[in-house]
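Chain by chain, the residues run as shown.
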There are 2 protein chains.
Amino acid sequence: MVPTIQDVARYAGVSRSTVSYALSGKRTISRETRERIEAAITELGFTPHAGARALATSQTMVIGLFVQFFEDEFSPAMLQYVLPISDAAREAGYDILMVTEADGPHAVQRISSSGMVDGIILLNVAHEDPRLPVLRKMRQPASMVGLPRTPEGFDVFDLDFAESGRILVDHLAERGHREIILITPREHVFERGGAYSWRFQDAALQRAASYGIRVRSYYGETQQPAVNQQLNQILDAPDQSAMVVHNDAVIAALPSVLYSRGVRVPDDLSVAGMFSEDFGRLFSLPYTAVETSPNKLGRSAVQALVQRMTTPADANPWRVDLVAPQITDRGSTR
Amino acid sequence: MVPTIQDVARYAGVSRSTVSYALSGKRTISRETRERIEAAITELGFTPHAGARALATSQTMVIGLFVQFFEDEFSPAMLQYVLPISDAAREAGYDILMVTEADGPHAVQRISSSGMVDGIILLNVAHEDPRLPVLRKMRQPASMVGLPRTPEGFDVFDLDFAESGRILVDHLAERGHREIILITPREHVFERGGAYSWRFQDAALQRAASYGIRVRSYYGETQQPAVNQQLNQILDAPDQSAMVVHNDAVIAALPSVLYSRGVRVPDDLSVAGMFSEDFGRLFSLPYTAVETSPNKLGRSAVQALVQRMTTPADANPWRVDLVAPQITDRGSTR
DNA sequence: CTGAAAGCGCTTACAG
DNA sequence: CTGAAAGCGCTTACAG
């Protein structure tokens, strides 16, 4: 039914090995032979069987992408990582097996030990991520977005959230603000070990303290209508001059809440956030923000992984890249 | 290095076939033998090699999911289909190979003919979708979300957009509106063959005509700041009483635009849209809407595909399921 | 209840 | 420049 390399060989009057070498280019084939083979391939519509090739070469040319969706996080943000990763993988010749299973450790074990993938990318990595211990036992290399407590054994990429916190506090301090409202991820994200939450918050609080700036910190909600209710409650307090938002759901809802209250930015309130340019465009956020660079982080993770996969005995030390945050001034502070 | 079925057999003192049958349960194994095999498996940490199994059985237990992201569509909506599909696939024992390649037909050809997947799901199918002709030549069954001009050969699931258009017009007609603003997908979506765009619009216009209701139809923008600008321009016209929005980007931006203009819903303007409950929650949309049921559609596509994959000679006719739209009244009309 | 062997469709040393 | 053959790690008729 579906043609095999044997059919091609027979049709072209050569051996299977010759066809295989013509395909891979790993040895020189006479022009005439090569042309006969190519003709046979197009004539028969032959494509090598991926499974057979994987068995023979121990290479699947597939990357496992492990995504976790939590109720308390804002899902659209995740897509910003997935798409660049998928694109970068394809550019390097890999396909993406996307795994969204709730039981992360089990999924890693299952996919990895069955040899379905050559390498693994973890998204949304927690401080004590239960996927890492099992991942360490697997034979495939892995890279990730998100900084775990013990990154040894993996290439790790993340935004420098501490520095991001400082940059935003500096930005407001320079403009003379003496009080800042800080809206963080949900409390549950802290508890779960989403290290980005406290890396940002701790650094921001510390930097603010060094200026003598007072910070009122709130765990932001992530589901409507709680988001709007909470924002309104926070804004009911008098004399607020500046707000830093490190919470996707809150920042996405902010424009409508501010409009509804008649709060003008930056005249009545200075606002600065943490989001990517794409995210900002999607939700029409007119706020100065630290660019979270999901594109860059995702692509870096792919690149590092491809490097490890193609150089199995790679002696290079494991990377921990904390991308330096850049602020994009959209004029929402003063 | 990594244990094979041979190692397990040796360790348990049986043959490879016995181990294989113990794994599959396709023949009865004596209790004692089975226990020895199980012990060997856990002891050695054995997992069957997926590639070898695929080669022997011609089954990969992987579904190819082909996603297309267009500049002129609103990406968060896509995730609402991807996640339920991934979950449903896993429940049926399948993993998901997610393909986002820009060249859809080529990607289908590549993945399908190399035997990487047992079946295929297409998302965001166009009226004349260039992926369908190549898909028809492939050996794997396929299902899809989105109604193509010629659905023969596939199981097709989509919302009944025509009926959705009628329902929303009826809803406003019942409330006495004599003029409706209709915001559709971008013009380019119509041109590209996104049939959902005109199926909805044509039906809505026709139904409105039957009531003698006047409809002003606009191609909605999808990128900021164009979305807000356009909305403001549309709303500048006097005497508007009702608006139907069939455009994700526009409906997501609508609350802030209406707030900023001081337009109150439904007192000043009746608003009805097309979006899922999840989407509405994500963007805090307080509008009456036809539920677009991405969850249901995605799961149906998986179910139908699993049926075809497990019953290759399935004689059941191809399905074209247009899900009956349900309106969710959130009190945004009167 | 269990085993020996063929076969799935490739790749790659080994030989010439 | 090309071929014959072993091997990758499974499954499954065939045999007993």
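Note: the structure precedes this text.
Each value, and the rule that gives it
- Residues numbered from 1 in each chain as written.
- Chains lettered and ligands numbered in written order.
- Predicted model: local features only at pLDDT ≥ 70, side-chain atom pairs only at ≥ 80, totals over all residues.
- Heavy atoms only, no water.
- Axes fitted to C-alpha atoms, helices over the stretch in contact; angles between N-to-C directions.
- Helix = DSSP H or I, 4+ residues; strand = E, 2+ residues; numbered from the N terminus.
- Parallel < 35°, antiparallel > 145°, perpendicular 65-115°, else oblique.
- Left-handed = near helix turned anticlockwise from the far one by under 90°.
- Contact = heavy atoms within 4.5 Å.
- Nonpolar A, V, L, I, M, F, W, Y, C, P; charged D, E, K, R; others polar.
- Near = heavy atom within 4 Å.
- Polar contact = N/O pair within 3.5 Å; in protein donor to acceptor, adjacent residues only side chain to side chain.
- Least-squares fit on C-alpha atoms with pLDDT ≥ 70 in both.
- Pairing = 2+ DSSP bridges.

## Section: the packing of helix H11 (residues 226-236) of chain A against helix H12 (residues 248-261) of chain A
Residue and element names in this part refer to chain A. Where H11 contacts H12, the two axes come as close as 9 Å, and the packing angle between them is 60 degrees. Put simply, H11 runs oblique to H12. For the crossing formed where H11 meets H12, the hand is right-handed. Each of Val 227, Asn 228, Leu 231, Asn 232, Leu 235 and Asp 236 in H11 lies in contact with H12, whose residues at this interface are Ala 249, Val 250, Ala 253, Leu 254, Ser 256, Val 257, Leu 258 and Arg 261. In terms of residue class, the contact of H11 with H12 is made up of 9 nonpolar, 3 polar and 2 charged.

## Thoughts on the protein's contact with DNA strand C
Around DNA strand C, 30 residues are found, and the nearest of them are A:Arg16, A:Ser20, B:Thr18, B:Thr28 and B:Thr33. Each atom of DNA strand C within 4 Å of the protein was assigned to sugar, phosphate or base; sugar and phosphate come to 52%. Separating a base oxygen of DNA strand C from a side-chain N or O atom of B:Arg27 is a distance of 2.7 Å. Contacts to DNA strand C include B:Ser30, whose side-chain N or O atom sits 2.9 Å from a phosphate oxygen. Here the surface near DNA strand C takes 5 residues from helix H4 (residues 50-57) of chain A, the largest share from any one element. Classifying every residue of the surface near DNA strand C by side-chain character gives 11 nonpolar, 13 polar and 6 charged.

## With respect to the relation of the copies chain A and chain B
The two copies are related by a screw motion: chain A maps onto chain B through a turn of 180 degrees and a shift of 0.0 Å along the axis, at an RMSD of 0.0 Å. The two molecules are tied by a two-fold rotation axis, judged by turn and shift. Same-surface contact between copies: 100% of interface residues of chain A are shared with the interface of chain B.

## Some points on the sheet that holds strand E3 (residues 119-122) of chain B
Sheet strands associate in pairs through backbone hydrogen bonding, adopting either a parallel or an antiparallel arrangement. The strand order E11(A)-E5(A)-E4(A)-E3(A)-E1(A)-E2(A)-E2(B)-E1(B)-E3(B)-E4(B)-E5(B)-E11(B) describes an open sheet built from 12 strands, whose pairing is mixed. Each of the sheet's edge strands pairs with one partner strand only, and the pair in question is strand E11 (320-323) of chain A together with strand E11 (320-323) of chain B. For this sheet the average axis-to-axis angle between neighbouring strands, irrespective of direction, equals 20 degrees. Summarising the sheet, strand E1 (residues 62-66) of chain A and strand E2 (residues 95-99) of chain A pair through 5 bridges and their orientation is parallel. Across the sheet, A:Phe66 pairs through a bridge with A:Val99, a residue of E2(A). The strands touched by helix H5 (residues 76-91) of chain B are E2 of chain A together with strand E1 (62-66), strand E2 (95-99), E3 and strand E4 (142-145) of chain B; relative to E2(B), the strand with the most contacts, the crossing angle is about 150 degrees.

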